[in-house]
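Coordinate inspection notes
For reference, the chains in residue letters:
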Amino acid sequence: MPETTFPQRVRIALDDPKKTYAVALGARHLVEGRARALAAFPQMDEFRDRARLIRAHTLSRLDAYLTEFADNVAAAGGAVFWAKDATEATNYVRQLAREKGVRRAVKSKSMVTEEIHLNRELEKDSITVTESDLGEFIIQLAEETPSHIIAPVMHKTRYEVAETFRDKLGVPYTDDPIELNRIAREYLRRIFLSADMGISGVNFGVAESGSICLVTNEGNGRLTTTAPRIHVAIMGMEKIVPTFEDLGVMLNVLARSATGQKLSVYTNIITGARRPADPDGPEEFHVVILDNGRSRALASENAEILYCIRCGACLNHCPVFQAIGGHAYGSVYPGPIGSVLSPILWGTDAAGDLPHASTLCGKCREVCPVRIDLPRMLLNLRATGLAEKPAPAWLRWGIRQYRAAAVNPQRFRGGIKVAATGLRLLAKDGWVKKLPAPLNGWTDHRELPAFAPKSFHQLWTERET
Ligand code: SF4
């Protein structure tokens, strides 16, 4: 997590209109895509129920399914390493790279490798790591971090991408997306052919066969996992499904929720390394199964967060994410999923502000393909955070006053009258442009409508009489 505080990062985000525009546009595009996909698939609700049951069942027997998966990876000629944390996982990959004389690695998009900062660790050994997903490639060139779990470059306009390509690749400026794609493809093709190690994440591990499933919309996943002589897949330990039949259910809900597609363009299922009769493929296949706080999550009241299949729908629909974008969260996992996952993985000291980055409108729960009750966990984490570090005295006093008023109708109506009169005095043309401190946090970024001349309660009473 970065040194800056969440409010500082929010301020930086809100002061960057180009970024907020790009994020709002990108999120809207994905929201509309999902809506179209769901409208064309009437069985979606049934599939969502099945997907949730599969996740619940798998996590209730995670140890057995992980053991089955690991045994089958080994039976297919692969190696399995169980990593307790990020250090163990990165050390394993670094050691393997040293032993095998790896100088260059190519990576397909993987949030779990971002979580453990794998690139940074490999670069300590002078290993060049190149991102091969187009969005991640752009981010790497721009020396930034992803701002979304499936659309890492959502915060950038194509004009900014054009400038990055011109500055970092030395190509003439073009903002034509097809031309930009061609430039990236040409550049990356050489990398694929010269890399010694391909590194990928895992969307799902299939216990019954020891296969890993990778979904991408670019051919980079296939090239990363087949062209280099060594393939290393890093898998969060919760990413297991028992059978291929279960995988089919998960894929149906994942693509529709993420990008609005029936199915991602490439669904790669990889079982072990290259066999003697295979014309191509890696000589070695390694799977690193990463815990890094997940066991702790599994044992907690927030275990449900491990149902997540990283579709990104909760981010796209979240009004807070739409306004501030992913970087303001300061975590590799932004949005509602990140606001729950980050404090669980990194503690409330590092990410305790994030559960407050929600209006609790419930949209995240409504759109989640596995129906994760994110608002419930956000509230749990708020309570945990406040138990560890109580709110400032003035805020507790304010909440106490509000509670005293809210439980007494007479006092509540009296308070509303006072507030309404105050706001009307401050308002111009029905809007308050600036509130006095400490209420100015609201009007620093938007105007506040003055109260209506009559409250709903008054209108209702008049109607009844
Ligand atoms: S919490 Fe649900 S909606 Fe959000 S990324 Fe995970 S699966 Fe998708």
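Residues numbered from 1 in each chain as written. Predicted model: local features only at pLDDT ≥ 70, side-chain atom pairs only at ≥ 80, totals over all residues.

**So, the overall build of the protein**
Within the protein one finds 23 helices and 12 strands. Against the compact-globule benchmark of 23 Å for 465 residues, the protein has a radius of gyration of 25 Å, which places it among compact chains. Evaluated residue by residue, the protein yields a buried proportion of 43% over its 465 residues. Of the contacts made within the protein by residues no fewer than 6 positions apart, 72% connect residues no fewer than 24 positions apart. (Helix = DSSP H or I, 4+ residues; strand = E, 2+ residues; numbered from the N terminus. Rg over C-alpha atoms; globule rule 2.2 N^0.38 Å. Buried ≥ 20, exposed ≤ 12 C-beta atoms within 10 Å, placed from the backbone. Contact = placed C-beta atoms within 7 Å.)

**Topic: the site of the ligand**
Taken together, the neighbourhood of the ligand is formed by 14 residues, with C308, C311, A313, C314 and C368 sitting nearest. Taken together, the residues that form the shell around the ligand break down as 11 nonpolar, two polar and one charged. (Near = placed C-beta within 6 Å. Nonpolar A, V, L, I, M, F, W, Y, C, P; charged D, E, K, R; others polar.)

**Overview of the domain arrangement of the protein**
For the protein, the domain assignment lists domain 1 (41–292) and domain 2 (394–464). Look at where the C-alpha atoms of domain 1 and domain 2 centre, and you get two points 50 Å apart. (Domains from an automatic or database assignment.)

**Some words on the sheet that holds strand β9 (residues 266–270)**
Taken together, four strands build an open sheet; the order of strands is β8-β5-β6-β9 and the sheet is mixed. The open sheet is flanked by β8 (240–241) and β9, the only strands paired with a single partner. Across five bridges, the pairing between strand β6 (residues 211–216) and β9 is antiparallel. When the bridges of β9 are listed, V215 appears paired with T267. Sheet contacts for helix α12 (residues 244–258): β5 (204–206), β6, β8 and β9; angle to β5, the most-contacted strand, approximately 165 degrees. (Pairing = 2+ DSSP bridges. Axes fitted to C-alpha atoms, helices over the stretch in contact; angles between N-to-C directions.)

**Re the packing of helix α20 (residues 393–406) against helix α21 (residues 409–426)**
Interhelical geometry of α20 versus α21 gives an angle of 120 degrees and a closest axis separation of 6 Å. Here α20 is positioned oblique relative to α21, judged by the angle of their axes. The residues of α21 that touch α20, namely those facing A404, A405 and A406, are R411, F412 and G415. Residues belonging to the contact of α20 with α21 are distributed by class as follows: four nonpolar, one polar and one charged. (Parallel < 35°, antiparallel > 145°, perpendicular 65-115°, else oblique.)

**A few points about the sheet that holds strand β1 (residues 79–83)**
Read across the sheet, six strands follow the order β1-β10-β7-β4-β2-β3 without closing on themselves; strand pairing throughout is parallel. Each end of this open sheet is capped by a strand with a single partner; those strands are β1 and β3 (128–131). On average, each strand axis in the sheet is inclined to that of its neighbour by 20 degrees, with strand direction left out of account. Bridge count for β1 against strand β10 (residues 284–290) is five bridges, and the pairing is parallel. Counted as the bridge partner of A83 is L290 from β10.

**What about the nonpolar core?**
Ranked by size, the top nonpolar core spans 111 residues in total, and within it M250, V288 and L290 carry the most contacts. When residues in this core are grouped by element, the largest group, eight residues, is from α12. The contact partners of V288, leaving out residues within four places of it in the chain, are F81, A83, A89, Y92, V93, V232, I234 and M235. (Core = buried A, V, L, I, M, F, W, Y, C linked by C-beta atoms within 7 Å.)

**Overview of unusual backbone geometry**
With a phi angle near 55 degrees, H117 is a residue other than glycine that sits in the positive phi range. Residue placement: H117 occurs in the loop between α6 (111–115) and α7 (118–123). Residue L360 is not a glycine yet carries a positive backbone phi of 60 degrees.

**Observations concerning helix α8 (residues 134–141)**
Within α8, seven of the eight residues are buried, which leaves the element mostly enclosed by the surrounding structure. Within α8, burial applies to L134, G135, E136, F137, I138, I139 and Q140. Once α8 finishes, E143 follows within two positions and takes phi at roughly 55 degrees, a positive value.

**Some thoughts on the environment of G201**
One can find G201 in the loop between β4 (197–200) and β5. Taking C-alpha positions, G201 is 43 Å from L395, a pair spaced 194 residues apart along the chain. Leaving out residues up to four positions away in the same chain, G201 has contacts with S110, M111, V112, T113 and I234.

**Focus: the environment of E301**
Along the polypeptide, E301 turns up in the loop between α13 (294–298) and α14 (313–317). On a C-alpha basis, the gap between E301 and V332 in space is 23 Å, while along the polypeptide they are 31 residues apart.

**Considerations on the packing of helix α16 (residues 335–346) against helix α19 (residues 374–388)**
Relative orientation of the contacting elements α16 and α19 amounts to 40 degrees, with a least axis distance of 10 Å. Compared by their axis directions, α16 and α19 come out oblique. With respect to the hand of their crossing, α16 and α19 are arranged in left-handed fashion. Residues P336, S339, V340 and P343 of α16 touch α19, and the partners they reach there are L374, M377, L378 and L381. Its residues placed into classes, the contact of α16 with α19 shows seven nonpolar, one polar and no charged. (Left-handed = near helix turned anticlockwise from the far one by under 90°.)

**Regarding helix α1 (residues 6–14)**
Turning to α1, its buried residues are F6, V10 and A13. Buried residues along α1 cover an arc of 60 degrees about the axis, so they all sit on one side. Structurally, α1 contributes buried residues whose contacts are with α2 (17–39) and α15 (319–324). (Arc of directions from axis to C-beta.)

**Focus: the environment of P242**
If you trace the backbone, P242 turns up in the loop between β8 and α12. On a C-alpha basis, the gap between P242 and V288 in space is 18 Å, while along the polypeptide they are 46 residues apart.

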